[in-house]
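A structural walkthrough
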Amino acid sequence: MSFAFDPERLRLAREDAGLRKNELATAVGVSPAAISQFESGRAAPRSGTLSAIALACGFPASFFHMDGRPTRPRDADEPFFRSLRSTRQWERREAQAKAALVWRVANELEGYVDFPEVAFDAIPVDDEIRPQAIEEIALEIRRRWSMPDGPAGNVVQLIETKGGIASRVRPRSERVDAFSQRMDGRPIVMLWSTKQDAARSRFDAAHELGHLVLHPDPEPGNKTMERQAHAFSASFLMPADQIKDELPTRAPTKRDQRHLLGLKRTWGVSIAALFYRARELKAMSADTHRNSMIRLSDWGWRKSEPGDLGPCEQPALLRRGLGLVASTGVSEDKIADALGIPVGRLTEICGPGRPAVDMQAPYEPDKVQPLRRD
C-alpha cells in the first residue's frame, strides 16, 4: 500500500457499523484473527481486502488512511449509558463510535468556526441528596439561564447554546437510549433519529442536561445517577410551583381527554409524565396514580399516546457551522473528503438543512450560531 493504514480507524468503522469482529470477517472473507491483527496494527490489509472492509462498514477506503487527524478525542469521559444490563456490549460500542464520529465532524468544523463556549453550570450532587434539592437545582439552572416561567423552550437547542453538540443519527440497534459523553471537554448528546416521539425526546434531552449539570464523574448504568437525572428532567420541564395546580388529581375519565391533550401540548411532555409528576408532587396518591395508568392502558394510550407534538426538536449547531464553512467556499464534499466519510453521512450527522423549530417557547437562532474565524 502507498499509504499508512490506521488500525484505529478500522475499529471505529467496524463498531460504527455495529459489526463484531467475526461478522466483519465473514463479510470480508478473512478470519476473525486477521481482523484482530488489522485492528492491533500487527498487520495491514491488502488493497482488495481493504476495499471489502470499506464496503462492509459503509466508508470509503480513504477513511482508513492515516492522515494526522485524530480518530477519537484525546480525553473522553465515560458515557452516561442508562442501563448496562438491557444492552449488549456491541450495541454500546456502536453508540460510542457514532458519538466519536460526531466529535470528529465538530472537531473538523472547529478549524473554520468557533462554536459556543462550553458553559454548563455544574452543581455536583452526592448519592444522599434529597429529591427536593434536585428540584431546587433545576429551578436555579432555569434562573441562571434567564428562562421564563412556564414550559421550557427547545431543550436541544438550549443545550447547544451552552456549547453542547447534539446529533440525531440512525443506529443499527434501537436498544440504547439517548446518552451524552464529554469529549475533550465538550458534551456530545446523542438522541437517535429512529425515536420520533417528540415528548419523549424532550424528556431525554433534559435528562442528559441533568447529567451534565449534576454529575462531573460519570458512572455508566449507575441507577442513583439515572434517578437523579430523571428527577432533574421532570423538575426542569415541569417546575413544581408552576405546574402543580394544573396537574390531574384523580383517575381520568373520557371527559378529561381534551384537557390532558391540552396539557401535553402546552408543556411539551407526555401525558404519562404528567401523571408521574402528579404522583411525585403528591397531587395524587400512589393508588390513584396506579388507577390512572390502568385507565390510560384501557384507552390504548400507554402503547400509543395521542396528541402528536410535531417533529422532534432538531439540533442546529453543526448544520449552521457547516453552512458557515460553505459560505467561505469550502464545500460539504470537501469537508466529507477531509474526514474520509461519505457526504451523506456528513449530512446525517449535521442534520437537515432547515432544522425544525420547536412549537415551544420563542426560538433564538442567534444563540445557536457559530462564529466564523478570521
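Provided above is the structure to which this section pertains.
The structure reproduced in this document is the subject of the present report. All of these numbers come straight from a predicted model, not from anything done at the bench. (Residues numbered from 1 in each chain as written. Predicted model: local features only at pLDDT ≥ 70, side-chain atom pairs only at ≥ 80, totals over all residues. Heavy atoms only, no water.)

What the chain contains, in helices and strands, is 16 helices and 5 strands. Since a compact globule built from 374 residues should have a radius of gyration of about 21 Å, the 22 Å found for the chain is in line with a globular shape. If you line up the chain on its principal axes, its C-alpha atoms span 70 × 50 × 40 Å. The buried share of the chain, taken over its 374 residues, is 52%. Contacts in the chain between residues far apart in sequence, at least 24 positions, make up 78% of those at least 6 positions apart. With the model as given, the accessible surface of the chain reaches about 17,200 Å², and the carbon-plus-sulfur share is 47%. For the chain, the distance from the average position of its 55 positive side-chain charges to the average position of its 52 negative side-chain charges is 5 Å. (Helix = DSSP H or I, 4+ residues; strand = E, 2+ residues; numbered from the N terminus. Rg over C-alpha atoms; globule rule 2.2 N^0.38 Å. Buried < 20%, exposed > 50% of the residue type's maximum accessible area, 1.4 Å probe, protein only. Contact = heavy atoms within 4.5 Å. Areas by Shrake-Rupley, 256 points an atom, 1.4 Å probe, with all protein chains shown as cover. Lys, Arg positive; Asp, Glu negative; His and termini not counted. Charge placed at Lys NZ, Arg CZ, Asp CG, Glu CD.)

Glancing now at the environment of Gly 18. With respect to the helices and strands, the residue Gly 18 is situated in the loop between α1 (7-16) and α2 (21-28). Sequence separation of Gly 18 and Arg 92 is 74 residues, and the distance between their C-alpha atoms is 9.2 Å. In contact with Gly 18, other than residues within four places in its own chain, are Glu 23, Trp 90, Glu 94 and Arg 172.

The next thing to look at is the sheet that holds strand β4 (residues 186-190). Reading across from one edge, β2-β4-β3 is the order of the 3 strands in this open sheet, with mixed pairing throughout. Because the sheet does not close on itself, it has two edges, and the strands there are β2 (165-167) and β3 (179-183). Going across the sheet, the axis of each strand differs from the next one's by a mean of 20 degrees, ignoring polarity. Relative to the sheet, helix α8 (residues 198-214) contacts β3 and β4, its axis offset from that of β3 by approximately 40 degrees. (Pairing = 2+ DSSP bridges. Axes fitted to C-alpha atoms, helices over the stretch in contact; angles between N-to-C directions.)

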